[in-house]
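# Results of the structural survey
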Amino acid sequence: MGAQKKGASRASEDPVELAHVPLQAILLADSFTTKFRPITLERPKVLLPLVNAPMISYTLAWLESAGVEEVFVFCCAHSKQIISYLENSEWFSQPNFTVTTIESHDSVSAGDALRLIYERNVIHGDFVLISGDTVSNMSLTQVLQEHKERRKKDSNAVMTIVIKRSKPSQITHQSRLGTDELFMAIDPNTKQLLYYEDKADHAKGSIYLDKLLLADKSSISLHNDRQDCFIDICSPEVLSLFTDNFDYQHLRRHFLKGLLVDDIMGYKIFTHEIHSTYAARIDNFRSYDTISKDIIQRWTYPLVPDVKFFGDSSTKLERQGMYRASGIGQSRSAQIGPFTVIGNGTEIGDNSKISNSVIGEGCSIGSNISIEGSYIWDNVTIEDGCKLRHAIVCDGVIIKSGAVLEPGVVLCFKVMIGHQFIVPSYSKVSLLQQPIKQDSDEELEYADNSTGISEISPLTHAPNISNGETANRQQETQCWPTSELGTGGAGYVWSVCEGGHDEEWRHSVAPIPAEKLAEVIQAAEDDLVFAQDGSSLPPSGELKLDSNDSDYDADSRDDSYFENEVEATFVRAVDENIKVENVILEVNSLRLSYNKQTADCAGAIFYSMMKLALETSHSLAVDLVQATTKVITKWKGLLKYYLSDIDEEIEVIMKFEDMCLESAKEFSPVFEKILYQLYDQEVIQEEAILRWDDEKTYADESDKIFVKQAETFIHWLREASEEEDE
């Protein structure tokens, strides 16, 4: 069936008539991947909780707010669960917002899904194509207008993809979302996409572009610092193109790249870059962690925990990014740290500490428990003395007393971890045995007719899988014996597939561990040599001499993310009395992940130290100075590690100036005394202070406030320096 049939003919109709067509969207409620295994064998990815709300709720809420009137939700794996959720949610009863489900039992790719939707003949104009694991607060007005204007001039302009700036790590070659570094070539004048590659061979240190790209282009911008948001504005022809080409299965790998190299049909894809708004897709466990933090830190506003965009939320925002539901029970001695969400009906026992984590509804958390950087879903029981770091714990899990979850652990629904058992890093434990075949359509065969996981049988019996062929393909001896799990433990541990060890730490919710960090740094040394010689690609460049690249809000946002992460690491180090050398390893991991310099680390650590001193009880200025002196004395080794030269020391002084003027004005009257303490404890050298003073000589008076305050101290330093010279 060709491009002229069905909805495709609308492209030639009158624009005024098209204006009356409701804005439609296709929402793919199946990712057709296995990255969230084994969780998604029991529940579809779009229904997994993201900061205590199903992922698909964020997508639907955004579509409604952006003016979409009709949404077609394509359901495949676990389709009954998705349909049941939607039927019992508010999305089926919203005025001027229609949600219709399209169910399939045999589609194994996005291409199959779009071919089926084409056959249903439900799309009647330009539409939004998105998956149900996408979070955004962008406006669609501009991108839709751009798309329609292009279509008027060129009917081959069939697609516009949304992109956003995101600098990848120069070491790991992946974004903060855990996705591979993406290379795109874009015409800077028309914004046409000319090249798209997310599987570059970094060992070569270069990529190759077809010289024909330059044939009729005055310039081309080559980027590796852009993120694909996976929000597409499509013309109806897109659906018919999938029908005409059954080789098109994957939206990017097959369809997008296919159109870019097709010289015969002449179809074109364009880009729309967003700057101050948010858009990101949850592709793996690392992006799940990153986007959760973005939501908690309110980059996704109004899609945040305390705003009622779904259901009846009683969650309230408190200081330091803490969110607590009204119906929780918390011991007076329990400590809830920054950037933490506590769900309704959860009980927290004596002396337990929770920070940088999301706790679901109805959880029972005992006494003397430590939870850091973890995601605890609903109705989880954690007994006394347990320790969890950077883990995901699904509904109904029971973790018995004294157990430890090391970073990167994933515990699936209703798993039980026994007394004192230590679950090794990156382990995935499930009530379902691991299938030998690792196909993306496996979830179709596991899906049952229930609306949840309540019918999964106990571990003592084989999992109740409706498809007999799948059951026969189970591995037989992956069950951990009770003796290996501690008393009362039960579950199946999934082994890592061949070649998958590298993916475990790259895509985990846990920071890159020290030993992996060392391996990556060692392996990246050759690439760094290429970069110094100028033989590798810059983050972004236009292929002409007079190119300019704008600075965007993304830089400041990355800075904010990085500083928050360093602060959280520092707070945990203080609370748990972690050794300086171990803190350095974690900060180095963050430095590489965010592509920062040592000066950035020094600034973030100094800020965290001053904030700790500021939060110490003090009624007089002298008390604040004493508290600050104690913090500097204890943690100066950490700060000095990142102060390798005078310029970096000057950066710290300037950071202190900014704090005194903006975020920590209490320090302003005692600036000179704190500066002296930094000098006296050999954190800041005399040369740095004197150079800072010299650099202020021709500054505006408003920029000399603290130089003048420290005038006596600086004069003393200069006199002492002159005496030494004599």
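Residues numbered from 1 in each chain as written. Predicted model: local features only at pLDDT ≥ 70, side-chain atom pairs only at ≥ 80, totals over all residues. Heavy atoms only, no water.

## Comments concerning the overall build of the protein chain
The line we're drawing: Secondary structure follows DSSP: runs of H or I at least 4 residues long count as helices, runs of E at least 2 residues long count as strands, and numbering of each begins at the N terminus. Should any heavy atoms of two residues lie within 4.5 Å, those residues are considered in contact. Note on areas: these come from Shrake-Rupley sampling with a 1.4 Å probe, and a residue is covered only by the protein chains present in the view.
Along the protein chain, the regular secondary structure elements total 22 helices and 34 strands. Contacts in the protein chain between residues at least 24 apart in sequence constitute 63% of all its contacts with a sequence separation of at least 6. As presented, the protein chain carries roughly 31,400 Å² of accessible surface, and 48% of it is formed by carbon and sulfur atoms.

## Points about the pairing of strand E4 (residues 127–131)
Selection rule: Relative accessibility decides the category of a residue: with a 1.4 Å probe and only protein chains considered, values under 20% of the type maximum give buried, values over 50% give exposed, and everything between is partly exposed. The pairing criterion is simple: DSSP has to find at least two bridges between the two strands.
Counting buried positions along E4 yields five of five residues, so the element is predominantly enclosed. Pairing between strand E1 (residues 24–28) and E4: five bridges, direction parallel. Residue pairing for E4: Ile26 is matched across the bridge by Leu129. As defined by bridge partners, E4 adjoins strand E10 (residues 226–234) across three bridges and the pair is classed as antiparallel.

## Some remarks on the sheet that holds strand E27 (residues 398–399)
Read from one edge of the open sheet, six strands run E15-E18-E21-E24-E27-E30, paired in parallel fashion. The open sheet terminates on both sides in strands that have one partner only, identified here as strand E15 (329–330) and strand E30 (416–417). Relative to E27, strand E24 (residues 381–382) is paired through two bridges, and the arrangement is parallel. Looking across to E27, one finds that Ile382 is bridged to Ile399.

## Overview of the sheet that holds strand E2 (residues 70–75)
Filter applied, for reference: Inter-axis angles, ranging from 0 to 180 degrees, are taken between N-to-C directions of lines fitted to C-alpha atoms, where helices are fitted over the stretch in contact.
Here we have seven strands laid out as an open sheet, ordered E3-E2-E1-E4-E10-E6-E11, and mixed in their pairing. Taken across any chain shown, the strands that pair with only one partner, and hence form the sheet edges, are strand E3 (98–103) and strand E11 (268–274). Strand-to-strand twist across the sheet, computed as the mean angle between neighbouring axes with direction ignored, equals 30°. On the sheet, helix H5 (residues 141–153) packs against strand E6 (157–165), E10 and E11 and is oriented at approximately 145° with respect to E6. Of the strands in this sheet, E1, E4, E6, E10 and E11 are in contact with helix H7 (residues 251–261), which crosses E6 at around 120°.

## A word on unusual backbone geometry
Here the residue pair Arg37 and Pro38 is connected by a cis peptide bond, since its omega of -5° sits within 30 degrees of zero. Of note, Pro38 is situated in the loop between E1 and helix H2 (55–65). The step from Tyr301 to Pro302 runs through a cis peptide bond, and the omega angle for that step is 10°. Mapped onto the elements, Pro302 comes out in the loop between helix H8 (285–296) and strand E13 (316–317). Despite not being glycine, Arg298 has its phi angle at roughly 75°, a positive value. By the element assignment, Arg298 lies in the loop between H8 and E13. At Phe339, a residue that is not glycine, the phi angle is positive and equals roughly 55°. Summarising the element assignment, Phe339 is placed in the loop between strand E16 (335–336) and strand E17 (340–342).

## Section: the pattern of salt bridges
Cut-off, in case you're wondering: Salt bridges are defined by distance alone: a side-chain nitrogen of Lys or Arg within 4 Å of a carboxyl oxygen of Asp or Glu.
Inspection of every chain in the model, using the stated rule, returns 29 salt bridges. The residue Arg176 makes a salt bridge to Asp294 at a minimum N-O spacing of 3.0 Å. Of this pair, Arg176 sits in the loop between E6 and strand E7 (183–186) while Asp294 sits in helix H8, placing them 118 residues apart in sequence. Among the residues examined, Asp294 registers a relative accessible area of 0% and is labelled buried. A salt bridge links Asp306 to Arg298, with the nearest nitrogen and oxygen atoms 2.8 Å apart. Arg298 gets classed as partly exposed once you look at its relative accessible area, which sits at 25%. Overlapping salt bridges bring together Arg165, Asp225, Arg226 and Glu273 as one network.

## Considering the packing of helix H16 (residues 598–615) against helix H18 (residues 646–661)
Heads up, the condition is: In these notes the angle categories are as follows: under 35 degrees is roughly parallel, over 145 is roughly antiparallel, 65 to 115 is roughly perpendicular, and the rest is oblique. A clockwise turn of the near helix away from the far one marks a right-handed crossing, whereas an anticlockwise turn of less than a right angle marks a left-handed crossing.
Interaxial distance between H16 and H18 falls to 9 Å at its minimum, and their mutual angle equals 40°. Relative to H18, H16 is oriented oblique. Judged by the sense of rotation from one axis to the other, the crossing of H16 with H18 is right-handed. Across from Thr598, Ala599, Ala602, Gly603, Phe606, Tyr607 and Met610 in H16, the residues of H18 making contact are Glu648, Val652, Lys655, Phe656 and Met659.

## Comments concerning H18
Note the following rule: Multiplying 1.5 Å by the residue count of a helix minus one yields the expected span of that helix. Two N or O atoms count as a polar contact when they lie within 3.5 Å, although within protein this holds only if one can serve as hydrogen donor and the other as acceptor, and sequence-adjacent residues are included solely when both atoms are side-chain atoms.
The end-to-end C-alpha distance of H18, which contains 16 residues, comes to 23 Å, matching closely the 22 Å that a straight helix rising 1.5 Å per residue would cover. Put simply, Asp645 is the residue that caps the front of H18, since its side-chain oxygen is 3.2 Å from the backbone nitrogen of Asp647.

## Description of the packing of aromatic side chains
Rules: Note on aromatic contacts: the rings of Phe and Tyr and the six-membered ring of Trp form a pair at centre separations within 6.5 Å, being stacked when their planes are under 30 degrees apart, edge-to-face when over 60 apart, and tilted otherwise.
Applying the stated criterion across every chain yields a total of 17 aromatic pairs. Judged by centre distance (5.0 Å) and plane angle (20°), the rings of Phe656 and Phe671 are stacked. Note that Phe656 is positioned in helix H18 and Phe671 in helix H19 (residues 671–680), a separation of 15 residues in sequence. Judged on exposure class, the residue Phe656 and its partner Phe671 are both buried. Their ring planes at 65° and their centres at 5.7 Å tell us that Tyr679 and Phe713 sit as a pair that is edge-to-face.

## Concerning the pairing of E1
Test applied: The handedness rule is simple: strands pointing away from the viewer, and a clockwise path from the first strand over the helix to the second, make the crossover right-handed.
Across the five residues that make up E1, a large majority, five, are buried. Both E1 and E2 contribute to a ladder of five bridges, which runs parallel. Bridging from a neighbouring strand, Ile26 pairs with Phe72 of E2. Of the crossover connections in this fold, the one passing from E1 over H2 to the parallel E2 is right-handed.

## Regarding the confidence of the model for the protein chain
Condition: One number per residue, pLDDT, summarises how confident the predictor is, and it ranges from 0 to 100.
Per-residue confidence for the protein chain gives a mean pLDDT of 78, with 78% of residues at or over 70. Below a pLDDT of 50 lies the segment residues 1–18, which in the model reaches 31 contacts outside its immediate sequence neighbourhood of four places, other chains included. Here residues 444–478 is a poorly scored stretch, pLDDT under 50, and it has 68 contacts once near neighbours within four places are set aside; other chains count.

## As for the packing of H18 against H19
In contact at an axis separation of 12 Å, H18 and H19 are set at 155° when each is read in the N-to-C sense. Between H18 and H19, the interaxial angle falls into the category roughly antiparallel. Considering the relative orientation of H18 and H19, their crossing is right-handed. The residues of H19 that touch H18, namely those facing Ile653, Phe656, Glu657 and Cys660, are Phe671, Ile674 and Leu675.

## As for helix H3 (residues 79–87)
Buried within H3 we find Ser79, Gln81, Ile82, Ile83, Ser84 and Leu86. Looking at the packing, one finds that the buried side of H3 touches H2, E2 and E3.

## Considering the environment of Ser401
Within the element layout of this structure, Ser401 appears in the loop between E27 and strand E28 (404–405). Note: C-alpha distance between Ser401 and Gly418 (17 residues apart in sequence) is 7.5 Å. Ignoring sequence-local partners within four residues, the contact set of Ser401 consists of Glu383, Asp384, Cys386, His419 and Gln420. A distance of 2.8 Å separates polar atoms of two side chains, one belonging to Ser401 and the other to His419.

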